[in-house]
Every structure is written in C-alpha cells, then in structure tokens.
Amino acid sequence: MAPGVRNAVIAVSMSVAAAATQAQEQPLEYQVQAAYLYNFVKFVDWPDGALGGSITICTAGNTPVTAALEQIVRDEVINGHRLAVRTIEAPQATCNVVFVPHGMAASEYLRSARTAPVLTVGESPDFIEQGGIINFVRDAGMMRFEIDQEAARRARLQISSRLLRLARTPARAVQQ
Amino acid sequence: MRARLISFALIVFLVPAPRAFAQGPQDLKRLSIEQLMQIDVTLATRTPEPLARAPTAISIVTGDDIRRAGVTTLADAVALADGVHVARFNNGTWSVTARGFAAVAANKMLVMIDGRTVYSPLFTGVFWNALDYELEDIDRIEVVRGPGATLWGANAVNGVVNIVTKNSRDTSGLFMQVGTGNEDPGDAEVRYGGRAGSATYRTYAKFIERASQRYSTGISAGDRRRRGQVGARFDGGDQSRGAWMLKGDLFHSADALPDRPSGEFTLGDLQAVWSRALTPRSQLQVSSYLNHERRRIPLQLTHRLTTVDLDAQQSMTLPRHALVWGGGARVNRDRTEGSALISFDPADRTYSVNNLFVQDEIAVRPRSVYVTGGIKYEHNAFSGGEWQPNVRARWVSQRQTLWGSIARAVRRPTRFEDDIIVRLPTGAVAVQGNDDFRAENVVASEVGYRMQPSMFVALDATVFNHSYDRLRSQDAPSGPVPIPILVGNSLNGRSRGVELAANVQPLSAWRTHVSYTFLDVSLTRDADSRDIGGTTTEANDPRHLFAFRTSLDVSQRMELDFRWRSIGALPHPHVPGYSEAAARIGWRATQHVDVALIGEDLLHAQHPEFNPVAAGFEEFQRSVRVALTARF
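Draft legend 1. Seen up close, the state of the cysteines. All names here are of chain A. One pass over the full model with this rule turns up one disulfide over all chains. What pairs with cysteine 58 in a disulfide is cysteine 95, and their sulfur atoms sit 2.0 Å apart. Handedness here is read from the sign of the S-S torsion; for cysteine 58 and cysteine 95, about -95°, the answer is left-handed. Of this pair, cysteine 58 sits in strand β2 (residues 54-60) while cysteine 95 sits in the loop between β4 (81-88) and β5 (97-100); the two residues are 37 residues apart in sequence, bridging distant segments of the chain. Here the two residues cysteine 58 and cysteine 95 agree in accessibility, since each one is buried.

Draft legend 2. Quick look at the sheet that holds β2(A). Residues and elements named next belong to chain A. Pairing in this open sheet of seven strands is mixed, and the strands run β3-β4-β2-β5-β6-β7-β8 from one edge to the other. Only two strands of the sheet have a single partner each, and these edge strands are β3 (77-78) and β8 (142-147). Two strands pair when backbone bridges link them, and strand β6 (residues 119-122) and strand β7 (residues 134-139) are joined in this way by two bridges, in the parallel orientation. Note that in β7 the partner of valine 121 across the bridge is isoleucine 134. Sitting on the sheet, helix α2 (residues 28-42) touches β2, β3, β4, β5, β6, β7 and β8, and the angle it makes with β8 is about 35°. Running at roughly 165° to β4, helix α3 (residues 64-73) makes contact with β2, β4 and β5 of the sheet.

Draft legend 3. Representation of unusual backbone geometry. Along the chain, B:Ile483 connects to B:Pro484 via a cis peptide bond; the corresponding omega equals 0°. Along the chain, the position of B:Pro484 falls in the loop between β26 (457-475) and β27 (485-507). Positive phi, normally seen in glycine, also occurs at A:Thr115, with a value near 65°. Tracing the chain through its elements places A:Thr115 in the loop between α4 (107-113) and β6. Given the relative accessible area of 48%, A:Thr115 is considered partly exposed. Even without being a glycine, B:Arg320 presents a positive backbone phi close to 70°. Here B:Arg320 shows up in the loop between β16 (301-318) and β17 (321-337). Residue B:Arg320 is classed as partly exposed on the basis of its relative accessible area, which comes to 49%.

Draft legend 4. Fine view of the packing of aromatic side chains. Evaluation of the coordinates by the stated rule reveals 15 aromatic pairs over all chains. For the ring pair B:Phe251 and B:Phe265, a centre distance of 6.2 Å and an interplane angle of 80° mean the geometry is edge-to-face. Note that B:Phe251 is positioned in strand β13 (residues 242-257) and B:Phe265 in strand β14 (residues 260-279), a separation of 14 residues in sequence. B:Phe265 carries the same exposure label as B:Phe251, and that label is buried. Every member of this aromatic cluster is reached through a ring pair, and the members are A:Tyr36, A:Phe40, A:Phe99, A:Phe136 and A:Phe145. Positioned above the aromatic ring of B:Phe464, the side-chain terminus of B:Arg99 is 4.2 Å from the ring centre. Geometry around B:Tyr370 places B:Arg394 over its ring, the cationic atom sitting 4.3 Å from the centre.

Draft legend 5. Representation of the pairing of strand β24 (residues 429-432) of chain B in the model. All names here are of chain B. The pairing of strand β23 (residues 420-423) with β24 spans three bridges and is antiparallel. When the sheet's bridge partners are listed, arginine 423 is paired in β24 with valine 429. A loop of five residues connects β23 with β24, the two strands running antiparallel in sequence, and glycine 427 in this loop sits at a positive phi of about 100°. Pairing geometry for β24 and β27, over two bridges, is parallel. In the strand pairing of β27, valine 431 is matched with isoleucine 485.

Draft legend 6. Representation of the packing of α2(A) against α3(A) in the model. Residues and elements named next belong to chain A. Between α2 and α3, the least distance of the axes is 8 Å, while the angle of their chain directions is 50°. Of the possible angle classes, the one that applies to α2 and α3 is oblique. Read as a crossing pair, α2 and α3 show a hand that is right-handed. Judged by residue contacts, Tyr30, Gln31, Gln33, Ala34, Ala35, Leu37 and Tyr38 of α2 engage Pro64, Val65, Ala68, Leu69, Ile72 and Val73 from α3. In terms of residue class, the contact of α2 with α3 is built from 11 nonpolar, two polar and no charged.

Draft legend 7. Quick peek at the sheet that holds strand β4 (residues 109-113) of chain B. Residues and elements named next belong to chain B. Here five strands make up an open sheet; going across it, the order is β1-β6-β7-β4-β5 and the pairing mixed. The open sheet has two free edges, formed respectively by β1 (57-62) and β5 (116-117), since each of these has just one partner strand. The sheet contact formed by β4 and strand β7 (residues 159-165) spans five bridges and is parallel. The residue of β7 that forms the bridge with methionine 109 is glycine 159.

Draft legend 8. Quick peek at the side chain of B:Ser529. All names here are of chain B. In this structure, serine 529 sits in the loop between β28 (510-525) and β29 (544-553). Within the local environment of serine 529, its side chain forms a polar contact with the side chain of serine 490, the two groups lying 2.8 Å apart. Excluding residues within four positions of it along the chain, serine 529 makes contact with Asp475 and Ser490.

Draft legend 9. Inspection of the environment of B:Ala430 at higher detail. Residue and element names in this part refer to chain B. Structurally, the position occupied by alanine 430 is in strand β24. Spatially, the C-alpha atom of alanine 430 lies 21 Å from that of histidine 303, the residues being 127 residues apart in sequence. If we skip the residues at most four places from it in the chain, alanine 430 touches Val422, Arg423, Leu424, Ile483, Pro484 and Ile485.

Draft legend 10. Local environment of the side chain of B:Ser515. Residue and element names in this part refer to chain B. Examined against the element boundaries, serine 515 turns out to sit in strand β28. Here serine 515 falls in the buried class, since its relative accessible area comes to 7%. In this view, serine 515 contacts Asp82, Leu500, Ala501, Leu545, Phe546 and Ala547; residues no more than four positions away in its chain are not counted.

Draft legend 11. Summary view of α3(A). Residue and element names in this part refer to chain A. Burial runs high along α3: seven of the 10 residues are buried. Residues Val65, Thr66, Ala68, Leu69, Gln71, Ile72 and Val73 constitute the buried set of α3. At the exit of α3 stands aspartate 75, carrying a positive phi of roughly 60°.

Calculation rules
- Residues numbered from 1 in each chain as written.
- Chains lettered and ligands numbered in written order.
- Predicted model: local features only at pLDDT ≥ 70, side-chain atom pairs only at ≥ 80, totals over all residues.
- Heavy atoms only, no water.
- Disulfide = S-S within 2.5 Å.
- Helix = DSSP H or I, 4+ residues; strand = E, 2+ residues; numbered from the N terminus.
- Buried < 20%, exposed > 50% of the residue type's maximum accessible area, 1.4 Å probe, protein only.
- Pairing = 2+ DSSP bridges.
- Contact = heavy atoms within 4.5 Å.
- Axes fitted to C-alpha atoms, helices over the stretch in contact; angles between N-to-C directions.
- Phe/Tyr/Trp six-rings, centres within 6.5 Å; stacked < 30°, edge-to-face > 60°.
- Lys NZ or Arg CZ within 6 Å of the ring centre and 35° of its normal.
- Parallel < 35°, antiparallel > 145°, perpendicular 65-115°, else oblique.
- Left-handed = near helix turned anticlockwise from the far one by under 90°.
- Nonpolar A, V, L, I, M, F, W, Y, C, P; charged D, E, K, R; others polar.
- Polar contact = N/O pair within 3.5 Å; in protein donor to acceptor, adjacent residues only side chain to side chain.

And the structure:
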C-alpha cells in the first residue's frame, strides 16, 4: 500500500477508535466545517420574526460535524439568541440553518426551505444549482466556500459583506 | 520560481495564518473565517503542521493583516513582518532589511512576487516604489530571515521576501476603492474578476499620488510621486491535468525632483506558470517570465533592462524523503545612458545567472526528527560559479519545535561593482568598478525554538550569527593621488542577534502580535585593506526593533486596529531612534461599502527614518487618510 494511503487509513481508523472512546475526536475537516457553520451564523441576519429565542442549526443525517458543532455552540449566545444543534432525518420547520453533508440528498431539504428564511449549507458540486445558499468547496487541501447571493435574497437573508468578500462566486452566477 | 514551490511547501507542512495550534473544535472557534480558510484539512495528523513547525525563521503577513494595517505601499506592508527593518530615505526609496545591512541601496534580500524576482540586477536592491500592486490582491507576504540560498533564487543572503498574490478564483466581482489624505492626496483602485469558460480572471487598475515630504527644516522636499499600475491575471486547469497561471502588469510613475525636471519609471512584466502532478507523490512545475523596465533620472542616469527567466523543478515524496530538485536560467540585457556624473563601462551588457539545486528532507524519526540537506550551484557572468550548501534539522512535538541551520550564501557581483564610473565635476574618475570584484560571502548559523504554552498563545525565538567576508569596500589607490577609488572586497563583518515574537488570540475577534529584535552588526577590514569608508558605508542598523499590533472586532460593523513601532538609533550617520503609532477605524456602512479612517506616524509632526537630522535631508510626516471601499 502507498504510504499516503496507509497514513490516511491509519489516521481514519485512529480517529474512529478515538471517537469511540472520546467524544471530541473528530477529524479536522469536520471540526473546520463546524467552526465555519458557527461563524456563518454570526454573519447572517434573519428577517424580523424569523427567529425565536434561539437559532437552531440542523444537520441532515448522521455526520461527525454535529458532535463538533455541539462542543462549539455550548452556552453560546449570538445577538441575544441561544444556539442549538439538532440532527434531523427529514426537513423540519424549526431549523434556521440546515447543513446537508456530502452523501445526503439535498433536493428534499432545499425544496422545503425554498423562500423560507433558512440558511442552507451543503458540500456537493450541484448544491448551488439546486438552490442552496452556501456550498463548501475543497481547494488544495483548504476548506473554502461559495455563496449564491440570489438564493440568499430569495430566502430574505442578509449576508454580511465581510462573509461575501471571502466567498467565491459560484460558476453559474458569474456566467449569467 | 521557487516561490511557488515554497508556497506549496508552506501549505503542505506549514499552515500560514493560524499561528496557534488548533487542538479541537473549541480552539477552532477562536479562529476567524480568514484563518479557517488557511487550514489544511487533508493532513492525516490531528494537529495540522502549522507555521510553528518550519525549520526556519519565518513570519507571514496575511492579506487581512495588510488590510487591517491600512497601509498604502508594499514596503509598509512588508514592515509588518517580524524582524524586518524598514526605513524611508525619500518619497520613493526604502531600505528594507532583515538582520542588518540597512542602506539606501540595501542589497542582501531576495524579493519576489509570485516567484518573479524583482530586485534590480543593476545593484541587487529593490525599487520598492515600482511595486505598486493593489494591496487588496495580495494573499500573503512570507518573510524568511537568514539565507535561504539552497531552495530560493539568487541573492537570498540575509532574507527572502516572497509576495504571493491571490488566485483570480478568489477575486471575482467588482472592487473599488478611493482614498484621500495629506500624504496620499488621491488614490483610486478598481478591480473586476470573473470566469471565462473553465478559467478565471481579474483585471485591475490603480492610481496613487503621494505628496512631497519635508526637509528637516520644514521646507517641502519637492518629491511628489504620481504612480499608476494596470494588470491582469488568469488561472485555470487543475493539478491532475495541469494547472496554469498567466499574469501581466504595467507600471508607470512620474517622480518629481526638487532640482531638475521630473524623472520617470516604466516597467512591464509578463509571467506564466504551469504545474502538474506527475504521480500522486510527484509534482512538476515550469515557470517563465519576461520583464522590461526603463528608469530615467534626468542629468544622472537612464537605464533600460530586459530580463528573461525560465525555471523548472520537481518535488517528490518518497518513503521518509521529501525531495526537490530543479534549475533555472536567467538572462539580463541592459543599456545605460550615463552622465558626466555617473556611467557604466561598458554602457550596454548582457549577462546571465543560471543555477541547479537539489534538496532532501529526511524523516530520521517520522513526526519527530527531520534533517534537511541541500546544495545549489549558481553561475553568474561576473564571478563565475558558487556552491551554496545548507543543512537544517528540526525536532517537533505536539507543542514545541526546536530547529537549527547552517548555510552558506553569496551576493553575486553586479554592474554596480564591476562597471561603475563616478566622475568629479572636473572630469577626473572618482570611483571605478572592478572586474575582479568577487561575490560577497555569508556563513549563517541559526537556532530557533517555538512553543505554544496554551491554546491561544504562540511564542517564537531565534538566535543567529552571520559571518561575512569579501564585503564590498571602497579601496584607495596605492599611489599618492587619492583617486580613483576602486570597488573592492576588503571588508568583513558579523551580524548577530535575537529575534522574539508572540501571538496572542484569546478570541476570534481579538488578536495581538508583538515582536522584538536585538541586532549587533559590526564590520572590520582585512589586514591589507585600503578601504576609506571606515567600515560605515555598507550598513547602518539599529540595535533594537520593537513592534506591537492589536486588532479588535468591536462589533459586526466596527473594527479597531492599533500599531506601535520603536526603532533604535542608527550609528553612522547618526539618526535618532524613534517610536511611532498608527491607528485605524473600519466601519461597514452598508452591505457593500466600507469606510476606514487611518492615522499613520501619529506621535510626531515629522520624523527622520534613515537620514541625519540636517538641512537637505527628508523627514516623514504625520498622516491621516480616509478610504472608501465598495464590493459587488
């Protein structure tokens, strides 16, 4: 086996083993995604009345991002809203942010969130095309993201220029 | 060229922005989005190999650091790096040095933009005023102190400044900025980026006017500058099929002079880089650039230069080995039109610099002890071939890195040493170049230690000793007549010191960086030296450098930044030490518009940086500037 592959296998099996014994051992990739999700919430304004007392970040299906996110948002309050994390198996009206990890069908979640003030975040090549707002893209080992401003407008979400400046413009939006 | 490789290497085994180790979700939470964007998530180890593990004295200034500093010139941005002494001589000339040898024509640093060497082969110094990129387009500035001679290009004697601009993928949309202030009465920048098929592009234009500085007597120095630069960059492809970059810039400045008609500087460059993964563990990169410049100082010198450069390198990861090898060829062709005062003999000259290098990092004990050996052979048209070897070792653990290095590097001779003729008003030759001038030589030893005592504090310390011989001297002739003075190699020197830096980031919204450098530079003469410069001509360095900066996000809309610098006195000629402060308030007025108010050099009405306090020497003023930025 090539050393790179071997190392990766060792790393993955180690992290799986670690996850079994200790909840906080997620691979870096998921931790970074969780840190991003937490940051995204800070840079998005929801329309009046869209938020109750808390901001609920939902993760679709079973993903290690959830555990990392739970550690990050514990006792966190942003603009007077407590943060909460939920794992969902189907679209839920209580979600303010929905993260659809790789391998989960995004269309169902995007359809239900359409025009609702929900920040949709994904990590598949066609996530933006399907109507998603923020999509993670990997570039030379770094986790970057693209934002479709038109989709954000439809959802009546105000995204801070600071976040927009750091985002890539998705291919589709530029070509228009 | 090697810039890209180094950048690649930095990304692979150093993570630029997060100076703190990330230990888990709770720590990642402390990082800003800009910092999250810099983490390599593919690394198999739990902790990304960060900057903290590099076996070299390195400091990185990110694009965000530059934006938060509010500076308007590239030299001022480089000044944000640790251990770098930046001093202004006049409105368009900076001395930018690490580890000593500050001079009006400081000549011991290798400066590159995206791998294109930008020091002038005329004197191996940099015309900082002619590097007028939009600072918004700069991804980061990597500053390596000490010789990086094996891997980097020619002239990395005291340090390397590697300026990396953003990939055009990351600069889509419209960006506009206008600013005004007492030092820069008007500046305007515009950039537009987008996608063309599978490639991305950006194109930009920048104009800036800099007002005249003042003499110590308070009178205007009459050196107003008007500069403009336009350019474009294209990126496409990917590593598996071949990634490419194409880039070009055109710069022009009109430089007012107090005692004669304006001078001017025109520069154009074109650069192409292509890289491809040959196998999953091997990468090939080929890069080439063409540069043409014309610099005219009326009644003194007109200089035209054309440079063509081609480089190739391959990097390979083998079991326990990380191997890099490659080579490069560069041809300079210059034409000079001298004056009664200064000329070159011959007036026109074509000369080359070629090199071959190999470097291997061996994991003696994987994830713990690494030893790197490298050697470069460089041939130049003036003094022939030079071998430049380097040995480095590092020991890394979870929170600490200890490293050491011994390296030899040379500063190759230039037209300035070989071919220069300076005449007195009578026509007699006062200074004469020397065809036998040899490369200046340094042997540098360094030991560095970095640690992270807690989650949000990172510390960095380096001790160094550079021994120089064959340094440039001004040797008197042997007869009774005191001229012509011949350029010689009869000085030796030593530069030693300690460099300390600390980064503290208790919250993602608040970070503070502090650095201190102690520097001791001394020059001596060979026993038979006829040098008349009294060992004071080549270096004028402070013994102490201190810098502090802190950045706070007060709210989603408000940013506050504060910087302080203290520079020790320069010995000869004597320039008083000084402290200066700068502050910035940034406010996001709307979704698309930012406003910033920036104050520089706030503590004194004017202060000297590299000139003695005497009539006829320039000082630099307190300045206030407001800038309006729009992004769509």
